[in-house]
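The lines below spell out each chain.
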Amino acid sequence: MPLPANGQPWPPALLAEIGPKLTQWSAWLSGDVEKLNAAYAVQTAPTIDRPAQYRGGIQGAAARAFYGKPVGDLTRTRRQLHVPVAADICQASADLLFAEPPTFKAEQSAAQERLNLLTDDGLHTTLAEAAEIGAALGGVYLRTSWDPATVPGRPFLTRVDADAAWPEFRWGNLIAVTFWWIVARNGQQVLRHLERHELDGVGNGLVLHGLYSGDEQNLGRPVPLTEHPATAPLATEVDADGALTAGRTPGLCVVYVPNQRPQRRWRNHPLGANLGRSDLDGVEPLMERLDATWTSWMRDIDLGRARLVVAQSMLENHGPGQGASFDLDQELFTGLNTPPGSIASGGGAGIEAVQFEIRVEQHSKTCSELVEQILRSAGYSTQTFGEGGGSVATATEVDSRNQRSFTTRDRKIRLWRPAAHAALSKLLSVDAEIFGGAYDTGRLDVVFPDSVQESPQQLAQTVQLLDAADAVSTRTKVQMAHPEWDPKQVDDEVNLVLAETGRAVPDPIGLGEQVA
């Protein structure tokens, strides 16, 4: 299938139900109150008021007498303070997965050396960012990219967010996807860059680029890539159909990584059923109530500020139409003609302090209960966010307290591992095709580190107890102490330990040392 046809509604009709929800989750992730108000606002104003109700003169008075006072714009939302719990959840999800970078292993040594070069800190950062955005939007795309002008000598992985993608699935597998970006707006004109990924007739990944001039609701017509600086460099890289001529290797150049599954909201939707589930799905009403509670608490603080109510005679008159004020720094009042009793009852000195109660305990408990319910529904333990702390805990105790979070982490790893494997395989094949890598990629493996690691002291005690029970070999002890080492590093360390302790004995048949 080529790039979309001219005049197509955009975003596509198949995304009509999905797009608005992604916009809401994106607004929650951003923490921007204006974006939240815009995402949840009613698109059309209710037809309650009549234009005549806003007019002056006899016509306006008659309309207001007949229809009543105008209600106003009901789409306007009240501003609230925002608690960024959604951003905290998504960041925690990414930290659980990639705070400790995974290990990438290739079966062939030459491929491993090249893989070590390609999987530097930049790739780990990309994976962590993708995991955070994917936790909010339900999934994310990892794209194999290359640009010798800016990143010479190597391909690299980039992230594409789910709210700018039109995917196509078959039996749950991604077979094509179209990304789009708005590169320019000029009045009603909208210029979009489309990038489509699909398979050619022999199963190689094909990447097509197009530039379209339309409006907010319509894709419009294609224009030359040279019409905008963002796409001009691609003009010399594509053929007459807009397809890149380089980098055609087996498989798509894009991998979709679902956040969690199954997809509950769109399980009967032809497209949405194949998407991942957001960590924020279903907890939006609770987050709204948390914002409302926090806003109420802060309003109590504003209302709870001490105020002085003073008699009229104590105010300084600024003249006709200028109002009056009370000087808080004034130390002496003379000639006050105030009635006896308090201000409210007509007595007192004319000054009364007013301060309302701040309901700290009620608001704090409500917020805590809402946060706990939000985290539990999202699949996390409160201890993951620093709640319910106490004394220093062992690795076993930490694992017990964070069991809910670690279960969610394991669910996500089962989706991330095959996706990362496919993305790295494609990265190596593109590297061999474009940059001349002469190696066989072979089998790749992605190893995620343990979620909880024992301290060196606890690990040493464990190894010592197992050694005292004659339950482990020297090799196993070294592997326990250094789980990140490869087999060669473990063998070298075992030989050093045996040599230093005098346990390395000659082989009686002359084949070398006997390893204990």
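Residues numbered from 1 in each chain as written. Predicted model: local features only at pLDDT ≥ 70, side-chain atom pairs only at ≥ 80, totals over all residues. Heavy atoms only, no water.

> Describe in detail the pairing of strand E1 (residues 103-106), supporting the description with residues and values.
Taking every second residue as pointing to the same face, the buried face of E1 carries Phe-104 and Ala-106, while none of Thr-103 and Lys-105 on the other face is buried. Note: E1 against strand E14 (residues 444-447), 4 bridges, orientation antiparallel. Along E14, the bridge assignment pairs Thr-103 with Val-447. (Buried < 20%, exposed > 50% of the residue type's maximum accessible area, 1.4 Å probe, protein only. Helix = DSSP H or I, 4+ residues; strand = E, 2+ residues; numbered from the N terminus. Pairing = 2+ DSSP bridges.)

> For the layout of surface pockets, give the residues involved together with the corresponding values.
Size it by volume and the largest pocket reaches roughly 880 Å³. What lines the largest pocket is a set of 28 residues, among which Pro-11, Gly-19, Pro-20, Thr-23 and Asp-163 lie closest to the centre. Broken down by secondary-structure element, the contributors of at least two residues to the lining of the largest pocket are helix H1 (18-30), helix H2 (33-40) and strand E5 (173-186). At 8 residues, H1 tops the list of elements feeding residues into the lining of the largest pocket. Reported here for the second largest pocket is a volume of approximately 660 Å³. (1 Å grid on protein atoms, 1.4 Å probe; cavity = no way out; pocket = protein on both sides within 12 Å on 5 of 7 lines; lining within 4 Å. Points joined across faces, edges and corners; volume = space filled by probe spheres on them.)

> Give a description of the sheet that holds strand E4 (residues 165-170) that names residues and reports values.
Within the open sheet, the 5 strands sit side by side as E4-E5-E6-E7-E8. Their pairing is antiparallel. Looking at the sheet topology across the chains shown, the edges are occupied by E4 and strand E8 (221-223). Strand-to-strand, the axes of this sheet are offset by a mean angle of 30 degrees, without reference to chain direction. In this sheet, strand E6 (residues 189-199) lies alongside E5 in antiparallel orientation, the contact comprising 9 bridges. (Axes fitted to C-alpha atoms, helices over the stretch in contact; angles between N-to-C directions.)

> Describe the packing of helix H12 (residues 474-481) against helix H13 (residues 487-501), with residues and values.
In the contact formed by H12 and H13, the axes pass within 9 Å of each other and the chain directions differ by 120 degrees. One way to sum up the angle between H12 and H13 is to call them oblique. Read as a crossing pair, H12 and H13 show a hand that is right-handed. Packed against H12, whose contacting residues are Thr-474, Arg-475, Val-478 and Gln-479, the element H13 presents Val-490, Asp-491, Glu-493, Val-494, Val-497 and Leu-498 at the interface. Here the residues of the contact of H12 with H13 sort into 5 nonpolar, 2 polar and 3 charged. (Parallel < 35°, antiparallel > 145°, perpendicular 65-115°, else oblique. Left-handed = near helix turned anticlockwise from the far one by under 90°. Contact = heavy atoms within 4.5 Å. Nonpolar A, V, L, I, M, F, W, Y, C, P; charged D, E, K, R; others polar.)

> For H12, give the residues involved together with the corresponding values.
Of the positions making up H12, those classed as buried are Thr-474, Lys-477 and Val-478. All buried residues of H12 project into a common sector of 100 degrees when viewed along the axis, lining one side. (Arc of directions from axis to C-beta.)

> Break down the nonpolar core for me, citing the residues and quoting the values.
Ranked by size, the top nonpolar core spans 55 residues in total, and within it Tyr-141, Leu-174, Leu-280 and Met-287 carry the most contacts. Non-local contacts of Leu-174, meaning those with residues more than four positions away in its chain, are made with Tyr-141, Pro-167, Glu-168, Phe-169, Leu-252, Val-254 and Tyr-256. (Core = buried A, V, L, I, M, F, W, Y, C linked by side-chain atoms within 4.5 Å.)

> Give a description of the sheet that holds strand E9 (residues 254-258) that names residues and reports values.
In a beta sheet, neighbouring strands are held together by backbone hydrogen bonds and run either parallel or antiparallel to one another. In space, the 3 strands of this open sheet follow the order E3-E2-E9, with antiparallel pairing throughout. Two strands lie at the open edges of the sheet, namely strand E3 (156-161) and E9, each paired on one side alone. Averaged over all pairs of adjacent strands, the angle between their axes in this sheet comes to 30 degrees, without regard to strand direction. Relative to E3, strand E2 (residues 139-145) runs antiparallel, the two sharing 6 bridges. Counterpart to Arg-143 in the pairing with E3 is Thr-158. Packing against the sheet, helix H6 (residues 121-137) makes contact with E2 and E3, and its axis sits at approximately 15 degrees to E3. Sitting on the sheet, helix H10 (residues 403-434) touches E2, E3 and E9, and the angle it makes with E9 is about 170 degrees.

> Now, about the packing of aromatic side chains: what can you tell me, with residues and values included?
For the coordinates displayed, the defined rule picks out 11 aromatic pairs. Both rings, one in Phe-98 and one in Phe-448, keep their centres 5.8 Å apart while their planes meet at 50 degrees; by these two values the pair is tilted. Here Phe-98 is found in helix H4 (residues 85-98), whereas its partner Phe-448 is found in the loop between E14 and helix H11 (456-468), with 350 residues between them in sequence. The exposure class assigned to Phe-448 is buried, which follows from its relative accessible area of 9%. Among the aromatic residues, those joined into a cluster by ring pairs are Tyr-141, Phe-169, Phe-179, Trp-181 and Tyr-256. (Phe/Tyr/Trp six-rings, centres within 6.5 Å; stacked < 30°, edge-to-face > 60°.)

> Pulling in residues and values, what's your account of unusual backbone geometry?
For the bond running from Trp-10 to Pro-11, omega is 0 degrees, close enough to zero to count as cis. In this fold, Pro-11 is placed in the segment before H1. Here the bond from Arg-261 into Pro-262 is cis, since omega is 10 degrees, no more than 30 degrees from zero. Structurally, Pro-262 is set in the loop between E9 and helix H7 (284-303). Its identity is not glycine, yet Trp-171 carries a phi of approximately 55 degrees, on the positive side. Looking at where Trp-171 falls in the secondary structure, it is placed in the loop between E4 and E5.

> Would you mind going over the side chain of Lys-412 in detail, with residue names and values included?
Within the secondary structure layout, Lys-412 lies in helix H10. Overall, Lys-412 belongs to the buried group, its relative accessible area being 2%. The contacts of Lys-412, once residues within four sequence positions are left out, are Ser-93, Leu-97, Ala-135, Asn-259, Gln-260, Asp-279 and Tyr-380.

Just distances and angles here, no functional claims.
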